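# Structural overview for review
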Amino acid sequence: MEEKIEKKSTWKAGNAPIAVVLITLNEEHNLEGALDNLKGWAQEVFIVDSFSQDKTVDIALDHGVHIIQRKFRGFGDQWNYALNELPITAKWTMKLDPDERLSNEIKKNIFDAIQSDSYDGLEFNRRWWLMGTPLPIYDRVLRVWRTGKCEFSDVSVNEHPMVDGDVKLINGVMEHLDSPNLHHWIQKQNEYSSSEAVASYSKPELSVKPRLMGSSLERRMWLKHHFYKIPGRYQLLFLYFFIYRGLWKAGKVGYHSAQLWTDVYRWKELKTLEMKITGRISKEIIHGPGKPDSRVKQAIK
């Protein structure tokens, strides 16, 4: 059941006619910085929260953003709900993850591109971070579009925005700060690789048709589809990250980052193999203590 949460304050509209949308689950460690980064710039900010247990909701309410809670059924489903059901009034919409930050340069370039009114979507480069270190790896992301001109691929993970119209690549870099520490990063990647393995075991359709000679997204889908058939794939993948993508420039952090990202692919393959052997989809095991059960006597000592 969807539940709207009453705000403690009101978001003060910034100078850019853009609604920034985030989806959250236990993002206390990221959300304060993300919302501070948007102040004075975004006209509106919306959050769809998947019932966080930390202070995510408190932070959102303190900043006066429009927040609702909704059960998470998959990334594509959550984003399409956000675009179709949130009361967005700004002429432009932006997808932002809580661990991403916009530089002043890219804020200005987005604003200028919006004012030119010549395109329907905007994409730009995002820089990866790990262990508190900026890495020499960038990926191109499509994050801004005219409100009503976008829908997301209906997949459980690795969702993609699909914009109806012309898309422009603009200058500037968005920082992807990722996790505050390796404990959190490994926990997040463990959950991500499990979701990917379930999707692989269930054999759903890819978000776009894989084509070796197609767009960058279609090429990624082609590689994703054929990767697990390649001999020596993990040695090649490490070299891809470390040499071809340039992680060697980041020294020791770059070397270990290449190892860690390679491991995530390995985890997905092993988890998929386990499901094929056992014939059942893996379910999350609950860890750590919970609340006292009123049906059971509680020890005082």
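Residues numbered from 1 in each chain as written. Predicted model: local features only at pLDDT ≥ 70, side-chain atom pairs only at ≥ 80, totals over all residues. Heavy atoms only, no water.

It is at 8 Å that the axes of helix H5 (residues 182-202) and helix H8 (residues 251-278) come closest, and there the two elements cross at 40 degrees. On the basis of the axis angle, H5 is oblique to H8. The crossing of H5 and H8 is right-handed. Looking at the contact of H5 with H8 residue by residue, the classes come out as twelve nonpolar, six polar and four charged. (Axes fitted to C-alpha atoms, helices over the stretch in contact; angles between N-to-C directions. Helix = DSSP H or I, 4+ residues; strand = E, 2+ residues; numbered from the N terminus. Parallel < 35°, antiparallel > 145°, perpendicular 65-115°, else oblique. Left-handed = near helix turned anticlockwise from the far one by under 90°. Nonpolar A, V, L, I, M, F, W, Y, C, P; charged D, E, K, R; others polar.)

This next bit is on the packing of aromatic side chains. Throughout the structure, instances matching the rule amount to 13 aromatic pairs. Here Phe-227 and Tyr-228 contribute two aromatic rings whose centre-to-centre distance is 4.9 Å and whose plane-to-plane angle is 85 degrees, an arrangement assigned as edge-to-face. A relative accessible area of 11% means that Phe-227 is categorised as buried. Each ring, one from Tyr-240 and one from Tyr-244, has its centre 5.6 Å from the other, and the planes form 20 degrees; the classification is stacked. (Phe/Tyr/Trp six-rings, centres within 6.5 Å; stacked < 30°, edge-to-face > 60°. Buried < 20%, exposed > 50% of the residue type's maximum accessible area, 1.4 Å probe, protein only.)

Here Asp-117, not a glycine, exhibits a phi torsion of approximately 60 degrees, which is positive. Despite not being glycine, Met-131 shows a phi value in the positive range, around 55 degrees. Take Met-131: it is sitting in the loop between strand E7 (121-130) and strand E8 (133-146). Looking at Met-131, the relative accessible area reads 38%, which means it is partly exposed.

Moving on to the nonpolar core. The biggest cluster of nonpolar side chains holds 33 residues, and the ones touching the most others in it are Ile-18, Leu-38, Trp-41, Met-94, Ile-110 and Phe-124. The contact partners of Met-94, leaving out residues within four places of it in the chain, are Ile-18, Ala-19, Val-20, Val-21, Trp-41, Leu-102, Ile-110, Phe-124, Arg-143 and Val-144. With 18 residues, the next largest nonpolar core counts Ile-23, Val-48, Leu-83 and Leu-142 among its residues. (Core = buried A, V, L, I, M, F, W, Y, C linked by side-chain atoms within 4.5 Å. Contact = heavy atoms within 4.5 Å.)

Attention now goes to helix H1 (residues 28-38). Among the residues of H1, those classed as buried are Asn-30, Leu-31, Ala-34, Leu-35, Asn-37 and Leu-38. Angularly, the buried residues of H1 cover 150 degrees about the axis, an arc narrow enough to put them on a single face. Tucked into the core, H1 has its buried residues touching strand E2 (16-24), strand E3 (42-49), helix H2 (56-63), strand E6 (100-102) and helix H4 (104-116). Gly-40 sits one or two residues past H1 and shows a positive phi near 80 degrees. (Arc of directions from axis to C-beta.)

Our next topic: the side chain of Glu-44. Positionally, Glu-44 belongs in strand E3. Using a relative accessible area of 14% as the deciding quantity, one classes Glu-44 as buried. At 2.4 Å, the side chain of Glu-44 and the side chain of Thr-89 are in polar contact. Aside from chain neighbours lying at most four places away, what touches Glu-44 is Trp-11, Ile-18, Ala-19, Val-20, Pro-87, Ile-88, Thr-89 and Ala-90. (Polar contact = N/O pair within 3.5 Å; in protein donor to acceptor, adjacent residues only side chain to side chain.)

The next subject is the pattern of salt bridges. If you walk through the whole model with that rule in mind, you get 17 salt bridges. Between Arg-143 and Asp-97 there is a salt bridge whose closest N-O contact spans 3.7 Å. Pair noted here: Arg-143 is in strand E8 and Asp-97 is in the loop between strand E5 (92-95) and E6, with a separation of 46 residues, a long-range link. In this structure, the salt-bridge partner of Lys-108 is Asp-112, at a minimum N-O distance of 2.8 Å. With Lys-108 and Asp-112 both in helix H4 and four residues apart, this pair spans about one turn of that helix. Classification of Lys-108 by relative accessible area gives exposed; the value is 52%. Among the residues examined, Asp-112 registers a relative accessible area of 35% and is labelled partly exposed. (Salt bridge = Lys/Arg side-chain N within 4 Å of Asp/Glu carboxyl O.)

This brings us to the environment of Trp-261. Relative to the elements of secondary structure, Trp-261 occurs in helix H8. For Trp-261, a relative accessible area of 9% translates into the label buried. Separated by 23 residues in the primary sequence, Trp-261 and Phe-238 place their C-alpha atoms 8.1 Å from one another. Once residues lying within four places of it in the same chain are set aside, the contact partners of Trp-261 are Trp-128, Leu-135, Ile-137, Trp-185, Phe-241 and Leu-247.

Moving on to the side chain of Lys-95. Along the chain, Lys-95 falls in strand E5. Reaching out from Lys-95, the side chain makes a polar contact with the side chain of Asp-97 at a distance of 3.1 Å. Once residues lying within four places of it in the same chain are set aside, the contact partners of Lys-95 are Val-21, Trp-79, Arg-143, Trp-145, Phe-152 and Glu-159.

Functional significance is not addressed by these values, which are geometric in nature.
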